[in-house]
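# Commentary on secondary and tertiary structure
So the chains spell out like this:
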Amino acid sequence: MCITLLPMFLRNLTLVLLLPLLVIAQNAPVKVACPRNLVRSAGPAFRQSLSAEETAYVSTRTEKVLPGAWKDYLGSVTAALPHGASLPAYVSDILAPRRSRSIQKPELPKLGIALSGGGLRAAYFAAGVLTSLDGRNKTHPTGTNGVLQAATYLAGLSGGGWFTTALIQANFPTIPELVFPTADPSLPASNSRFGGFLNGVDLVLPAGPTGNNTGYFEAVVAELSGKHAAGFPVTITDAWSREIARHFVNGTTASDILEEGTHGSGILFSGIQNVPTIKSHSQPFPIILLNAIPPALTANPNNSKELADIIPGNDVPVGSEVWEVNLFETGSWDPSLGSFIPTRLLGSTPASGKKAAQCVVGFDQASYIAGISSNVWNGQNLTTNSLGRGPEGPVLQLIQAEFPGQAPVRMDAAAVPNPFKGINPGAFSSSSESFVALVDGGSNGEVCPLQPLIVRARGVDTIIAIDAPADRPDSFSNGSDLINTASRAARFGSLYPFPKVPSSPDTFVNQGLTSRPTFFGCDEPNVPLVIYIANGAPSAQRRALGLPGITNVPTGITAYSPELAQSFMDEAFAIATQGLGNNVTVPGAQWSTCLACALVDRSRDRRRIAREGLCSTCFANFCWDGKE
């Protein structure tokens, strides 16, 4: 069954009718009665469990949507096969199994897609790569069309989190519709319509570095008055979330982007569960990643123990908890915390001593979640003597002037009321804190959100890692994200299963593992197979012509013209479809075929079927050989 989405104008109409469910009436948190149990324990480390809501979503999607999605994807793969080439029989048996009395619920692959951070570069790289994987892309069939529709999970952080948030709250439009909307630009801004990325206007300084941005900054800060009036501290993250809301959440047009207004205020991350394509289980289950700053580092920025655990060039210790936000829950799987709170109740606090529990709704603004996940201002230390040096310095000065006498919190991070106060004292470093300081999800060096996809309870067997940080001076990637993920996972024993990867970025670069798709974990059946697609070099086409890269735009570039955006996405599409392997390919062993072989490989292994035919050739061609 092909998953066909409604035309744009019908989707917009559907969202208009749905708006009361998606949007809270105010743009500030409001108090509500607390449930009997505010916090859910994930369970013992090696017996963790998913929430009932996530379990139900994934189960229903697996039963009602994925069989048709995988079958459609198989059609895309077979249509791209050269004349005379054929896939091993097990590929079609896994992707389009025939139901029988003995097999009522076929075991389908469980795929997760991870979209890395890296600012606008990462957002547009994700857009180009996912266009090649989108089953609705009929203009340029690739043989990989339909993978996006067949994924179970979609995880993003920072720039990848912007893309993920925009996509899911806009009701899962096609990628071109998301980036370059077809809606009438003369229509007024509305929380029921997405206006496109609008990145012709700079994310941070719309009037330019030498222009007058004062009016814009004042409008942004004015939009935060409701949250302050409700008794919550306002930090630089709040202002940052209002800035990116204008680009990645419904409710903004090119004509009002600089003005004070709604700009998606009231669109809650938990409310996205009521978007039509989420209600129909047509979207992969979305997850956004955050990092927590340990209180010891806030108390003493020169704390030698904490600093020793920070990967050079990053800001948060590796051992600090990794948090995730999904439609239903927010918390951390790390054993030091291992607890979750309903996302809709984020901003709530449990009973503590004589103080009763206090619960609110409306704290989990979608733009705020995306803003936390991309908050890198703590790295610029805006709270000390560098206050006026960064681009957000004037905004912070306005916040301090407009909202004096706030609680003593870090102004360069998100100040989230601690929902886990009193939990796991001695293990959870923030157990005694009133607020948790949360920042960019890649601040610990794991800039690709692989962490939520290696949680054992989720059982993901294959991960497509779309990686676009600026690891090198030329703003290309060098594989550090996979190295850092493998290193952190090893700290927890086998709690977070992850394949072996090279120990050095030099190996990634010198062996060309960042300039072509690469498989990791080919001979490790008990860990997820990672399909690595990096923004590590110009596409093969451009290299053959001796042309420089397009997609290695520095992270500090925070405005893209429509022309740059289109050429960037075209180049990312080319990188995603070039399919160069380690060796000369044989007829039929092109990228689309080999991707299919990888996607079914863990299911093949569970059936105790040996690799054969083109799939054997593919794995010889695309797998890292384990040599440094």
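## Side note on the overall build of the protein chain
Summing up its helical and strand segments, the protein chain has 23 helices and 14 strands in all. Computed over C-alpha atoms, the radius of gyration of the protein chain comes to 23 Å, within 12% of the 25 Å expected from 2.2 N^0.38 for 628 residues, which places it in the range of a compact globule. With the C-alpha coordinates of the protein chain rotated into their principal frame, the extents come out at 75 × 55 × 50 Å. Among the 628 residues that make up the protein chain, the fraction classed as buried is 61%. For the protein chain, contacts bridging at least 24 residues in sequence account for 75% of all contacts bridging at least 6. Total accessible area computed for the protein chain in this model is approximately 23,200 Å², and 55% of it derives from carbon and sulfur atoms.

## Overview of the packing of helix H5 (residues 119-133) against helix H20 (residues 562-577)
With their axes 7 Å apart at the nearest point, H5 and H20 run at an angle of 55° to one another. Here H20 runs oblique to H5, going by the angle between their axes. Crossing angle aside, the handedness with which H5 passes H20 is right-handed. Taking contact as the criterion, the partners of Arg121, Tyr124, Phe125, Ala127, Gly128, Val129, Thr131 and Ser132 in H5 are, on H20, Ala565, Phe568, Met569, Ala572, Phe573, Ile575, Ala576 and Thr577. Among the residues forming the contact of H5 with H20, the class breakdown is 11 nonpolar, four polar and one charged.

## Describing the environment of Gly338
Among the structural elements, Gly338 can be located in the loop between strand S7 (329-332) and strand S8 (339-342). Note on Gly338: relative accessible area 8%, which makes it buried. Among all residues touching Gly338, those that are not within four sequence positions of it are Arg40, Ser41, Ala42, Gly43, Ser332 and Trp333.

## What about helix H16 (residues 393-402)?
All of the buried residues along H16 are Gly393, Val395, Leu396 and Ile399. Buried residues along H16 cover an arc of 160° about the axis, so they all sit on one side. Exposed residues lying more than 90 degrees from the buried face of H16 are Ala401 and Glu402. Lining the buried residues of H16 we find helix H9 (214-222) and helix H11 (236-248).

## What to know about the state of the cysteines
Across all of its chains, the model carries four disulfides by this definition. Between the sulfur atoms of Cys34 and its disulfide mate Cys359 the distance is 2.0 Å. Judged by the torsion about the S-S bond (115°), the Cys34/Cys359 disulfide is right-handed. Highlighted residues: Cys34 in the loop between strand S1 (30-32) and strand S2 (40-41) and Cys359 in strand S9 (residues 359-361), separated in sequence by 325 residues. For Cys34, a relative accessible area of 30% gives the class partly exposed. There is no disulfide at Cys448, and the cysteine sulfur nearest it, in Cys522, is 17 Å away.

## Quick notes on the pattern of salt bridges
A complete count under the given rule lists 18 salt bridges for this structure. A salt bridge links Arg604 to Asp601; the nearest nitrogen and oxygen atoms lie 2.9 Å apart. Here Asp601 and Arg604 lie together in helix H22 (residues 601-606), a separation of three residues that amounts to about one turn. You'll find Arg604 and Asp601 in the same group, each marked buried. Look at the salt bridges and you will find they share partners, linking Asp523, Asp601, Arg602, Arg604 and Arg611 into a network.

## Details of the packing of H9 against H16
Two elements in contact, H9 and H16, have axes separated by 10 Å at closest approach and are oriented at 45°. In terms of orientation, H9 and H16 fall into the oblique class. Viewed along their axes, H9 and H16 form a crossing whose handedness is right-handed. Contact with H9, carried on its side by Phe217, Glu218 and Val221, involves Pro394, Val395, Leu398, Ile399 and Glu402 of H16 and no other residues of that element.

## Some details on unusual backbone geometry
Unlike most non-glycine residues, Ser158 shows phi in positive territory, near 50°. Position of Ser158 relative to the elements: it lies in the loop between strand S4 (153-156) and helix H7 (159-169). Even without being glycine, Arg608 reaches a positive phi, approximately 60°. As for its position among the elements, Arg608 is in the loop between H22 and helix H23 (613-622).

## Here's the deal with the packing of aromatic side chains
Applying the stated criterion across every chain yields a total of 29 aromatic pairs. Seen from their ring centres, Tyr560 and Phe568 are 5.9 Å apart, and the 55° between their planes marks the pair as tilted. Comparing Tyr560 with Phe568, the two get one shared label, buried. With centroids separated by 5.4 Å and ring planes inclined at 55°, the aromatic side chains of Trp591 and Phe622 adopt a geometry described as tilted. With Trp591 in helix H21 (residues 591-599) and Phe622 in helix H23, this residue pair connects regions lying 31 residues apart in the sequence. In terms of burial, Trp591 and Phe622 fall into one category: buried. A connected cluster of aromatic rings, assembled from ring pairs, spans Tyr124, Trp162, Phe163, Phe194, Phe197, Trp240, Phe248, Trp377, Tyr560 and Phe568. The lysine or arginine in question, Lys227, covers the ring of Tyr368, its NZ or CZ lying 3.9 Å from the ring centre.

## Comments concerning the nonpolar core
Nonpolar side chains in soluble globular proteins generally cluster together in the buried interior. Of all hydrophobic cores here, the largest spans 92 residues; its most connected members are Ile113, Phe163, Ile464 and Phe519. Not counting the four nearest positions on each side in its chain, Phe163 is found in contact with Leu115, Ala123, Ala126, Ala127, Leu130, Ile175, Leu178 and Phe197. Among the nonpolar cores identified, the runner-up in size contains 72 residues, and Tyr57, Phe269, Ile369 and Tyr532 belong to it.

## What about the side chain of Arg61?
With respect to the helices, strands and loops of the structure, Arg61 is situated in helix H2 (residues 52-64). One buried charge, Arg61, has no salt-bridge partner; the nearest side chain with opposite charge is Asp134, at 10 Å. For Arg61, the side chain forms a polar contact with the main-chain oxygen of Ala151, separated by 2.7 Å. Filtering out sequence-adjacent residues up to four positions away, Arg61 remains in contact with Leu66, Pro67, Leu148, Gln149, Ala150, Ala151, Thr152, His281, Ser282, Gln283 and Pro284.

## Focus: H21
Taken across its nine residues, H21 has nine buried, putting it largely inside the fold. Residues of H21 that are buried include every one of Trp591, Ser592, Thr593, Cys594, Leu595, Ala596, Cys597, Ala598 and Leu599, and no others.

## A short note on the side chain of Thr514
Considering the arrangement of structural elements, one finds Thr514 in the loop between helix H18 (505-510) and strand S13 (518-520). Excluding anything up to four places from it in sequence, Thr514 contacts Ser477, Asn478, Gly479, Phe508, Val509, Tyr532, Ala534, Asn535, Gly536 and Ala537.

## Quick look at the confidence of the model for the protein chain
Across the protein chain, pLDDT averages 91, with 91% of residues at or above 70. When the criterion is pLDDT under 50, residues 1-25 qualifies, and its contacts beyond four places in sequence or with other chains add up to 57 contacts.

Thresholds applied
- Residues numbered from 1 in each chain as written.
- Predicted model: local features only at pLDDT ≥ 70, side-chain atom pairs only at ≥ 80, totals over all residues.
- Heavy atoms only, no water.
- Helix = DSSP H or I, 4+ residues; strand = E, 2+ residues; numbered from the N terminus.
- Rg over C-alpha atoms; globule rule 2.2 N^0.38 Å.
- Buried < 20%, exposed > 50% of the residue type's maximum accessible area, 1.4 Å probe, protein only.
- Contact = heavy atoms within 4.5 Å.
- Areas by Shrake-Rupley, 256 points an atom, 1.4 Å probe, with all protein chains shown as cover.
- Axes fitted to C-alpha atoms, helices over the stretch in contact; angles between N-to-C directions.
- Parallel < 35°, antiparallel > 145°, perpendicular 65-115°, else oblique.
- Left-handed = near helix turned anticlockwise from the far one by under 90°.
- Nonpolar A, V, L, I, M, F, W, Y, C, P; charged D, E, K, R; others polar.
- Arc of directions from axis to C-beta.
- Disulfide = S-S within 2.5 Å.
- Salt bridge = Lys/Arg side-chain N within 4 Å of Asp/Glu carboxyl O.
- Phe/Tyr/Trp six-rings, centres within 6.5 Å; stacked < 30°, edge-to-face > 60°.
- Lys NZ or Arg CZ within 6 Å of the ring centre and 35° of its normal.
- Core = buried A, V, L, I, M, F, W, Y, C linked by side-chain atoms within 4.5 Å.
- Lys, Arg positive; Asp, Glu negative; His and termini not counted.
- Polar contact = N/O pair within 3.5 Å; in protein donor to acceptor, adjacent residues only side chain to side chain.
- pLDDT = per-residue confidence, 0-100.

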